[in-house]
Structure formats: C-alpha cells, structure tokens
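Residues per chain are reported as follows:
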Amino acid sequence: MVITLRNIVKAYDNKKESGRAVDGLDLEIKKGEFVALLGPSGCGKTTTLMMLAGLLKPTSGEIYFGGKLVNHVEPKDRNIGMVFQSYALYPHMTVRDNIAFPLRERKMPKAQAYERAKDMSRIVQIDHLLDRKPAQLSGGQQQRVAMARALAKDPDILLLDEPMSNLDARLKLDVRDEIRKLQRELGVTTIIVTHDQEEALAISDRVAILNGGKIQQYGPPHELFGEPANLFVASFLGNPPMNLIEGLIMEDNGVQAVVTSGFSLPIPDARRLEGSHAGKAVRLGIRPHDLRLTDASDPQGIAMKVDLVEHLGSGKLVKAVDPAMKLGGMIRLLADNEARVQAGDTIYMRVRDDKFHVFDAAANGLNLTRRQG
C-alpha cells in the first residue's frame, strides 16, 4: 500500500505557528517499504503516526492510502495494524483471545479467529504461550503478542509506536531483527516511530528525520549518515556525535579551504563548493571515526592533548582538547584497541581523506559540501 502525505499540518493553536505539532509535512512511502520516523521528543513523529491511524485529524493537508483520500475515514475502516508502546494487551484475556480480538470484533466465527490466531502465533514464535495471560509473559513475549494481534487482521499498513522502548538492550536487538525479518516476509508497508537512531538506521529502508514538525531529511540510512542535509541531521545522527568546529571559507587561486583557528583543511574537488564563498562563516563537521591517529612528523597532523579515554569494547573513544584551546572545545576520535593512548598524552590526528562536511553557519545550517545521489 502506497502512503502519501501532502502538506500535513496539525495545529493545537491555529493562531500561532508555534502551536503546530506538524508543520507542512510531505512524505511518500512505497508499497512494502519499512520507514522510520525519527527525531527528538516533541518533533511531531507520534502525532504523524496518530494521523495515519486516524486517531487524530489533520488541521489541513491530505493523507492518501493507495491513492484514496482517507482524512475522514474512521480508524476501524483503514485496515491498519498498530502496535503501541505499552502493547495495550487485555490482562483478563489469554494470548489466544488477545490475538483473536480484532477478528472477533469483525464478527469472524470463533473457530476461524482462533485458527488465525494460532497461525500468527507460529509466525512470531509464541504458539506455546496461547493459553497464558499477559501477566505471565516477559516483555519480549508481550511485544510478540501485540505484533501477532496487529498482523492477524492482514493489514495493508503496519504502524509501530516505539514498540521496543520497554525492552532491555539485548532483547531489543533480537526483537528488532525479528520485526525486520517478519516485515520482509509479509511485505506489509510499515512505519515505525522511534527516538532510537540505531534502531531506525538498522531496520528501515528509509528514514524521515523530523524536527519542529518538519522533515529535515528523508532517505536511506547510509545517505542520512554519510551525507547529512544540514547541521541538525549531522549533529542528531551519530554516537559518538560529530565534531563541529567553527571556521571560515578561504579561496586562493581557485583552491578552497576551511580555515579554523587551529588548522586549514583544503576542500577536494569532489566536494568543491559552487560559486564563491570566500569569507563565509561555516561549521566544519568531522565524525569521530573519520579522524585517525598520526605522529608529529605528519605535516597534516594536528596536536591535541588527551583528556579522557573510554573503552568501548570494539575500540577506544579518545576525547582530546587543543592545548591552545583554539578549536573551542573537545574533539572526539575513535581509535583501535591497540592504540596506546591515555589521559594527559599529546597526540596527533588527521582527517581521513575527504571525510568531512562544511555547514553554513547561518540559521538553515545547510551542508555546502553534500554530494547528491
């Protein structure tokens, strides 16, 4: 089922733009696609999901399912399956009855509804729990019951509202793999709301990053992470976060460079800025894994003093500062476990190839070096 949202606005105070939870949102989701709505609290992602479900009505704009306008279609008539953050299971009902409930509401004969519930329980691997009640289940098992109930209706669209937020870290990994595998097998168009960027990037075909009720960027995970459209996306995505350093664009005989108070970084032709930007205030963005340790003999090496070293298991997170405090804050670098570095050491680092971004320091924060496509 193709989903299209056109200029969707949800305002709680029609007289003020600041009262808009969703502000002019345009989005298209392909049939069978898995899309994540990602962003900080209050960005409008859950409000958007509730409008898709029909639980909230948009103030203006149009929502289409398969080319059909559904703004005024009741939730029960939208053929959606929904999994809530709380799972919303009926405590007095068995797993079998919880899964069969939406089918019984549709007047499906009890025997047929139970058979369908049994089929769905097999798919999510809880068929041995059909006679238990929710209180007798673990969090992961309850999540599977909620998923089976949502799928029992054979929905055109599956909506997931932070379904893994109540699970522990290890179980989250297992459940998200199961959800992704199940979605691929069934081919149902699926939208998940989450504030967990790792979760969104891991299981989605495309991710819509929201802030202030607007989509900041929409695309496949590798594109959002590798070519962020603006400062918000760049700083929101990534753990540890991107290093951001104030600088200026300088040009000399057609050669462009970002000049900071600590060093100068030439902009390669692959990321060359269109037109003249000489003197423009910018923010230089470098992800921690795009910095590497070098030594004092490297002409491009930047001297730093190590403040803290965190052991991550897969490597070390080195937090260092410029001894002269010219760079205006802490720089984060990811190093191998073999790297011999500790607090108080002087190290030298350099940027890997052309792995950096230049953002306009103006309010829009656009990525001036973003490669399209």
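Presented here is an overview of the structure given in this document. Fair warning: this is a prediction, and the values are worked out from it, not measured in the lab.

The subject of this paragraph is the nonpolar core. Note that soluble globular proteins tend to have their nonpolar side chains buried in a common cluster. If you look at the biggest cluster of nonpolar residues, it comprises 42 residues, and the most contacted ones within it are Ile99, Met147, Leu160 and Ile209. In terms of residue count, the dominant contributor to this core is helix H4 (residues 139–152) (7 residues). Ignoring anything within four residues of it in the chain, the contact list for leucine 160 reads Phe34, Leu49, Val83, Met147, Ile179, Thr190, Ile191, Ile192 and Val193.

Our focus in this paragraph is the pairing of strand E19 (residues 346–351). One ladder, built from 4 bridges, connects strand E15 (residues 291–294) with E19; its direction is antiparallel. Following the sheet pairing, leucine 291 is matched in E19 by valine 351. As paired strands, strand E16 (residues 302–311) and E19 are joined by 4 bridges and run antiparallel to one another. What sits directly across from lysine 305, in E19, is threonine 346.

A word on the sheet that holds E16. Across the sheet, which stays open at both edges, the 5 strands sit in the order E15-E19-E16-E17-E18 with antiparallel pairing between neighbours. Because the sheet does not close on itself, it has two edges, and the strands there are E15 and strand E18 (330–335). The mean angle between the axes of side-by-side strands here comes to 50 degrees, regardless of whether they run parallel or antiparallel.

Following both chains from N to C, one finds H4 and helix H5 (residues 169–186) inclined at 15 degrees, their axes separated by 11 Å at the closest point. Here H5 runs roughly parallel to H4, going by the angle between their axes. As H4 packs across H5, the resulting crossing turns out to be right-handed. Counting all contacts with H4, which are made through Gly140, Gln143, Arg144, Met147 and Leu151, the residues of H5 involved are Leu171, Val175, Glu178, Ile179, Leu182 and Leu186. A class-by-class count of the residues in the contact of H4 with H5 yields 7 nonpolar, 2 polar and 2 charged.

Before going further, it helps to spend a moment on the sheet that holds strand E11 (residues 243–252). Ordered by their spatial adjacency, 5 strands build an open sheet running E13-E12-E11-E14-E20, and the pairing between neighbours is antiparallel. Both outer strands of the open sheet, strand E13 (264–266) and strand E20 (357–360), are each paired with one neighbouring strand and no more. Averaged over all neighbouring strand pairs, the angle between strand axes comes to 40 degrees, with direction disregarded. Relative to strand E12 (residues 255–259), E11 is paired through 5 bridges, and the arrangement is antiparallel. Bridge pairing in E12 places glutamate 251 opposite glutamine 256.

Taking 1.5 Å per residue as the helical rise, helix H3 (residues 110–123) with its 14 residues ought to reach 20 Å, and the 20 Å between its terminal C-alpha atoms agrees with that figure. Turning to H3, its buried residues are Ala113, Ala117, Met120 and Ser121. All buried residues of H3 project into a common sector of 100 degrees when viewed along the axis, lining one side. Elements in contact with the buried residues of H3: helix H2 (95–105) and H4.

Another point: the packing of aromatic side chains. Under the counting rule described, the total for this entry stands at 2 aromatic pairs. With a centroid separation of 4.7 Å and an interplanar angle of 50 degrees, the aromatic rings of tyrosine 90 and phenylalanine 101 are classed as tilted. Highlighted residues: tyrosine 90 in the loop between strand E6 (80–83) and H2 and phenylalanine 101 in helix H2, separated in sequence by 11 residues. Taking relative accessible area as the criterion, tyrosine 90 reaches 31% and is therefore assigned partly exposed. Residue classification places phenylalanine 101 among the partly exposed residues on the basis of a relative accessible area of 25%.

Moving on, we come to the pattern of salt bridges. Scanning the model with the defined rule gives 13 salt bridges in all. Salt-bridge contacts for arginine 206 lead to glutamate 33; the nearest nitrogen and oxygen are separated by 2.6 Å. Placement of arginine 206 in strand E9 (residues 206–211) and of glutamate 33 in the loop between strand E2 (20–29) and strand E3 (34–38) is noted, with a sequence separation of 173 residues between them. Side by side, arginine 206 and glutamate 33 carry an identical accessibility label, which is buried.

Another point: the environment of leucine 284. Residue placement: leucine 284 occurs in strand E14 (residues 281–286). Along the primary structure leucine 284 and asparagine 367 are separated by 83 residues, whereas in three dimensions their C-alpha atoms are 9.8 Å apart. In contact with leucine 284, other than residues within four places in its own chain, are Asn243, Leu244, Ile245, Val258, Thr260, Phe263, Leu265, Phe356, His357 and Val358.

The rules behind the values
- Residues numbered from 1 in each chain as written.
- Predicted model: local features only at pLDDT ≥ 70, side-chain atom pairs only at ≥ 80, totals over all residues.
- Heavy atoms only, no water.
- Core = buried A, V, L, I, M, F, W, Y, C linked by side-chain atoms within 4.5 Å.
- Buried < 20%, exposed > 50% of the residue type's maximum accessible area, 1.4 Å probe, protein only.
- Helix = DSSP H or I, 4+ residues; strand = E, 2+ residues; numbered from the N terminus.
- Contact = heavy atoms within 4.5 Å.
- Pairing = 2+ DSSP bridges.
- Axes fitted to C-alpha atoms, helices over the stretch in contact; angles between N-to-C directions.
- Parallel < 35°, antiparallel > 145°, perpendicular 65-115°, else oblique.
- Left-handed = near helix turned anticlockwise from the far one by under 90°.
- Nonpolar A, V, L, I, M, F, W, Y, C, P; charged D, E, K, R; others polar.
- Expected span 1.5 Å × (residues − 1).
- Arc of directions from axis to C-beta.
- Phe/Tyr/Trp six-rings, centres within 6.5 Å; stacked < 30°, edge-to-face > 60°.
- Salt bridge = Lys/Arg side-chain N within 4 Å of Asp/Glu carboxyl O.

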